[in-house]
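The residues making up each chain are set out below.
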Amino acid sequence: MTKKQKWLVILTVTLVVIVGGYVVLPLAMKTYINHRLENLPNYRGHVDGLSVSLLAGSYQLQNITLEQLNSATNEPLFTATTVDVAILWGSLFKGLIVAEIAAHNPKINFAAAHAGKEAQSGFGVNWVNVVGEITPFRIDRLEIINGEIHYYDHFSNPPVNIYLSKTQATLTNLANSDKLASNRPSHLVLSAQAMDRSNLFTDVFFNPFKKEADFKLKLKLIAFPVKALRNFMHAYTPVDPSGGTLDLVIEANAEKGNIEGYVKPLFHELKLEHWETASDHKLQPLRFFSNTMGDVVNFLFRNQAENQLASKVPFSGKIDDPSVDVLSAVLNVLRNAFVGAFKPQFDSAKD
């Protein structure tokens, strides 16, 4: 074989490998991923398409759907238009294969249980392990771009749809091997619009590999119009809000199956509807009594200077059944009214 022929053979083999990589590899990866997603306990998933860029060291999943079986909603648990997975070449020099993931337009749907159908919660599967099988790299960064999170109760009266939109989130150091994870190594920073109306911010440090929840959470919601919760309040409470805004601050620390923290709701210029002025003009004694008592409480115990009814409600105990410190909550209503108005700030540190 001449030298020219050898080079021709090398070039041919190289082209075959490259073409095979672009044709065979995506098909093989898509088949593997779909097989894994279609055999999850109590869940079924599917990926419509997969493309690979060998030179860039990346691949893209297209039109992902994940459904929970026997769910009380027809909405899938998770969808996304595309998920990009890219290898960080600089990490190879350190002996690690590290990847970044970006999920575009993801949507997560939770739902209440009904008539023998299960609540859609996402529980029952170790999703970190699933992601680790689909993406066999250490994940250095996960980015959420323009996401949505919904909670549905289709069978309440009226139906409920509470949601976050325009969600932007960054999750760092979500290593898919517990050998790589130290104490609460992962960090989530999330911002969103609460029902397209108000800004919500969340900051969470957590360990995804502990069997029991292990996290430290901060959440803040500012200037949310209370009337937007009217369907939710109608469905689950006798209270009927017609005006005002809500600031909400939450801090929680969970470890070894226990949780401790507080919820700080701050209502500004709160107004409650009465049955005489309600649009349906139906006599609802319980709702009328509840709203009347709410008006009385709002009048007697609001901070006059800030026109604010607020409290700090501590909670603690087992994470699946925490207890609320009712006495402290009541005393904090009085503190806000007569000592000093609460601020929409975290107690642990300055904003």
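Residues numbered from 1 in each chain as written. Predicted model: local features only at pLDDT ≥ 70, side-chain atom pairs only at ≥ 80, totals over all residues. Heavy atoms only, no water.

Engineer: Explain the side chain of Gln120 to me, and be specific about the residues and the numbers.
Structural biologist: The residue Gln120 is located in the loop between strand S5 (107-111) and helix H3 (127-134) in this model. On the accessibility criterion, Gln120 (2% relative accessible area) is buried. Within the structure, Gln120 has its side chain in polar contact with the backbone oxygen of Glu75 (distance 3.2 Å). At a separation of 2.7 Å, a polar atom in the side chain of Gln120 contacts the main-chain carbonyl oxygen of Asn109. If sequence neighbours within four positions are ignored, Gln120 has contacts with Gln68, Ser71, Thr73, Glu75, Pro76, Leu77, Asn109, Phe110 and Ala111. (Helix = DSSP H or I, 4+ residues; strand = E, 2+ residues; numbered from the N terminus. Buried < 20%, exposed > 50% of the residue type's maximum accessible area, 1.4 Å probe, protein only. Polar contact = N/O pair within 3.5 Å; in protein donor to acceptor, adjacent residues only side chain to side chain. Contact = heavy atoms within 4.5 Å.)

Engineer: Summarise the packing of aromatic side chains; cite the residues concerned and give the values.
Structural biologist: Evaluated as defined, the whole model comprises two aromatic pairs. Aromatic side chains Tyr43 and Trp127 sit 5.1 Å apart centroid to centroid with 80 degrees between the ring planes, which places their arrangement in the edge-to-face category. On the criterion of sequence distance, the pair formed by Tyr43 in strand S1 (residues 43-53) and Trp127 in helix H3 is long-range, its members being 84 residues apart. Taking the centre distance of 5.0 Å and the plane angle of 70 degrees together, the rings of Phe232 and Tyr236 count as edge-to-face. Residue Phe232 and its partner Tyr236 are both found in helix H4 (residues 230-236); the two are separated by four residues, about one turn of the helix. (Phe/Tyr/Trp six-rings, centres within 6.5 Å; stacked < 30°, edge-to-face > 60°.)

Engineer: Requested: an account of a nonpolar patch on the surface, with residues and values cited.
Structural biologist: A contiguous nonpolar patch, built from Val324, Val326, Leu327, Val330, Leu331, Leu334, Phe338 and Val339 and spanning about 790 Å² of accessible area, is present on the exposed surface. Here the nonpolar patch gets seven residues from one element, more than from any other, and that element is helix H6 (residues 326-339). (Patch = residues over 30% accessible without salt bridge, like charges linked within 9 Å, V, L, I, M, F, W, Y side chains within 5 Å. Areas by Shrake-Rupley, 256 points an atom, 1.4 Å probe, with all protein chains shown as cover. Salt bridge = Lys/Arg side-chain N within 4 Å of Asp/Glu carboxyl O.)

Engineer: Explain unusual backbone geometry to me, using residue names and the numbers behind them.
Structural biologist: Negative phi is the rule for most residues except glycine; trans is the rule for most peptide bonds. Cis geometry marks the peptide bond from Asn157 to Pro158; its omega dihedral reads 0 degrees. Within the secondary structure, Pro158 sits in the loop between strand S6 (138-153) and strand S7 (160-174). A positive phi angle is found at Asn42, which is not glycine, with a value near 70 degrees. The class for Asn42 is partly exposed, based on a relative accessible area of 31%. Here the phi dihedral of Met195 falls at roughly 55 degrees; this positive angle occurs in a residue that is not glycine. On the accessibility criterion, Met195 (8% relative accessible area) is buried.

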